[in-house]
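# Residue-level structural notes
Each chain, letter by letter, is given below.
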Amino acid sequence: GQNIDQPTEMTATEGAIVQINCTYQTSGFNGLFWYQQHAGEAPTFLSYNVLDGLEEKGRFSSFLSRSKGYSYLLLKELQMKDSASYLCAVSLSGGYQKVTFGTGTKLQVIP
Amino acid sequence: DGGITQSPKYLFRKEGQNVTLSCEQNLNHDAMYWYRQDPGQGLRLIYYSQIVNDFQKGDIAEGYSVSREKKESFPLTVTSAQKNPTAFYLCASSTYPKHRNQPQHFGDGTRLSIL
């Protein structure tokens, strides 16, 4: 089976840094996606990691350790608009692009 | 601008009724997907299609049906056999499905409720 764990909720202060962790145990692994989803809206793509290490994109960075089955999303200089759910999703190996999603971490940014 | 359009945004179903959720994309993507999202749960795959006139069951296909007669369209029918249909339904698409590093693009979703 596939298992992806993320914290359910987090709270952080505007202007601060927050790290959202994701651990996974899956049969087959191609890479790991992070998506952002505002309430009642479509998830939007943030990052994709396939190799170990840190990928930086502006205020957002994502890290992957394949040997540890671990990833995190780092958000810097938090803004109120960053309040959303953050979904960790594993791309599985196989005949098509099958992606398994975690339950998501709801981040609340407070003033 | 290219994107994925889902309609309607809100839908109500009566007991014993089938309802169809629309999903149209103009991204020229080969692959399309339907997910169901419930509170406290991740997105769960209902059906996917890699190419026109072909589709496969996902993890929770029971009580649902799909068709893929055109590349742009992938409608989902929630049948009366689906006993707990209340959920947020998301349609997604991606480029050639074997390009596993390509992100899926999502529509804005349809929220289905039981009357």
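The text that follows walks through the structure, step by step, so that each part is easy to find. The numbers attached to residues start from 1 for each chain and follow its sequence in the written order. Each chain gets a letter, beginning with A, and each ligand a number, beginning with 1, in the order they are written. Residues qualify for local features only when their pLDDT is at least 70, as the model is predicted, and side-chain atom pairs are given and counted only at 80 or more; totals for whole chains, interfaces and linings, by contrast, use all residues. Neither water nor hydrogens contribute to the side-chain values; these are computed over all heavy atoms in the structure.

All right, on to the sheet that holds strand β1 (residues 4-7) of chain B then. Residues and elements named next belong to chain B. Whether two strands pair depends on DSSP finding at least two bridges between them. Segments assigned H or I by DSSP are reported as helices when at least four residues long, segments assigned E as strands when at least two residues long, and all are numbered from the N terminus. In spatial order, the strands read β1-β3-β8-β7; together these 4 strands make up an open sheet with antiparallel pairing. Only two strands of the sheet have a single partner each, and these edge strands are β1 and β7 (64-66). The mean inter-strand angle of the sheet, taken between neighbouring strand axes irrespective of direction, is 20°. Inspection of the sheet shows β7 paired to strand β8 (residues 76-78) by 3 bridges, in the antiparallel sense. Considered in β8, the bridge of Val66 is made with Leu76. For helices, the axis comes from a line fit to the C-alpha atoms of the stretch in contact; other axes are also lines fit to C-alpha atoms, and the angle between any two N-to-C directions lies between 0 and 180 degrees.

What follows deals with the packing of aromatic side chains. Planes of paired rings set the category: under 30 degrees apart is stacked, over 60 is edge-to-face and the rest tilted, where pairs are Phe, Tyr or Trp rings (Trp by its six-membered ring) whose centres lie within 6.5 Å. One pass over the structure, following the stated rule, counts 16 aromatic pairs over all chains. Centroid distance Tyr35(B) to Phe106(B): 5.9 Å. Interplanar angle 40°. Geometry classified as tilted. You can see Tyr35(B) sitting in strand β4 (residues 31-37) and its partner Phe106(B) sitting in strand β10 (residues 105-106), a full 71 residues away along the chain. Accessible area is worked out with a 1.4 Å probe on protein chains only. A residue is then buried under 20% of its type maximum, exposed over 50%, and partly exposed in between. You can call Phe106(B) buried: its relative accessible area is 10%. Members of the aromatic cluster, connected to one another through ring pairs, are Phe33(A), Tyr35(A), Phe45(A), Tyr48(A), Phe101(A), Tyr33(B), Tyr35(B) and Phe106(B).

With that settled, the discussion passes to a nonpolar patch on the surface. Taken together, the side chains of Tyr10(B), Phe12(B) and Leu115(B) make up a nonpolar region of the molecular surface, amounting to roughly 380 Å² of accessible area. With respect to the helices, strands and loops of the structure, Leu115(B) is situated in the segment after β11 (110-114). Patches here are clusters of residues that have more than 30% relative accessible area and form no salt bridge, with a 9 Å joining cutoff for like charges and a 5 Å cutoff for nonpolar side chains (Val, Leu, Ile, Met, Phe, Trp, Tyr). All accessible-area figures derive from a Shrake-Rupley calculation using a 1.4 Å probe, and residue coverage is judged against the displayed protein chains alone. Salt bridge criterion: a side-chain nitrogen from Lys or Arg within 4 Å of a carboxyl oxygen from Asp or Glu.

All names here are of chain A. Bridge analysis of strand β6 (residues 53-57) against strand β7 (residues 60-65) gives 5 bridges, and the strand direction is antiparallel. Pairing of Glu56 across the sheet is with Ser61, part of β7. Between β6 and the antiparallel strand that follows it, β7, lie 2 residues; Gly58 among them carries a positive phi value of about 65°.

So, on to the interface of chain B and chain A. In this analysis, two residues are considered to be in contact whenever any of their non-hydrogen atoms come within 4.5 Å of each other. In this complex, chain B contributes 27 residues to the contact, which on the side of chain A involves 23 residues. Throughout, the accessible surface (probe 1.4 Å) given up by two parts as they are put together, summed over both, is called the buried area. In total, about 1900 Å² of surface goes out of reach between chain B and chain A, with carbon and sulfur atoms giving 53% of it. Summed over the shared surface of chain B and chain A, the number is 1 salt bridge. Taking the shortest distance from any N to any O, the salt bridge between Lys98(A) and Asp59(B) comes out at 3.1 Å. Any pair of nitrogen or oxygen atoms within 3.5 Å is treated as a polar contact; in protein, a donor-acceptor pairing is required on top of that, and neighbouring residues in sequence qualify only through side-chain atoms on both sides. Here chain B and chain A share 3 residue pairs in polar contact (both at pLDDT 80 or more) between them. Broken down by secondary-structure element, the contributors of at least two residues to the side of chain B that touches chain A are β4, β5 (44-51) and β9 (87-94) of chain B.

Further remarks concern the state of the cysteines. Each disulfide is one covalent bond, formed between the sulfur atoms of two cysteines. Residues and elements named next belong to chain A. In plain terms, two cysteine sulfur atoms within 2.5 Å form what is called a disulfide here. The tally for this structure, following the rule as stated, stands at 2 disulfides over all chains. One disulfide in the model links Cys22 with Cys88; its S-S distance is 2.0 Å. Taking the sign of the S-S torsion, -65° for the link of Cys22 and Cys88, the bridge is left-handed. With a gap of 66 residues between them, Cys22 in strand β3 (residues 18-25) and Cys88 in strand β9 (residues 84-92) connect regions that are remote in the sequence. Side by side, Cys22 and Cys88 carry an identical accessibility label, which is buried.

As a further point, take the pairing of strand β11 (residues 105-110) of chain A. All names here are of chain A. The alternating pattern of β11 places Thr105, Leu107 and Val109 on a buried face, while none of Lys106, Gln108 and Ile110, on the opposite face, is buried. As judged from the 3 bridges shared by β9 and β11, these two strands associate in the antiparallel manner. Its bridge partner being in β11, Ser85 is matched across the sheet by Lys106.

One finds Leu32(A), Trp34(A), Leu75(A), Tyr86(A) and Leu107(A) to be the most contacted residues of the largest nonpolar core, which totals 22 residues. Those elements giving two or more residues to this core turn out to be β3, β4 (31-37), β7, β8 (70-75), β9 and β11 of chain A. Counting 19 residues, the second-largest nonpolar core is a separate cluster that includes Cys23(B), Tyr64(B), Leu76(B) and Val78(B). By convention a nonpolar core is built from buried Ala, Val, Leu, Ile, Met, Phe, Trp, Tyr and Cys residues, the set being connected through side-chain atoms within 4.5 Å.

We now examine the environment of Gln56(B). Tracing the backbone shows Gln56(B) in strand β6 (residues 54-57). Separated by 3.4 Å, the side chains of Gln56(B) and Asp54(B) make a polar contact.

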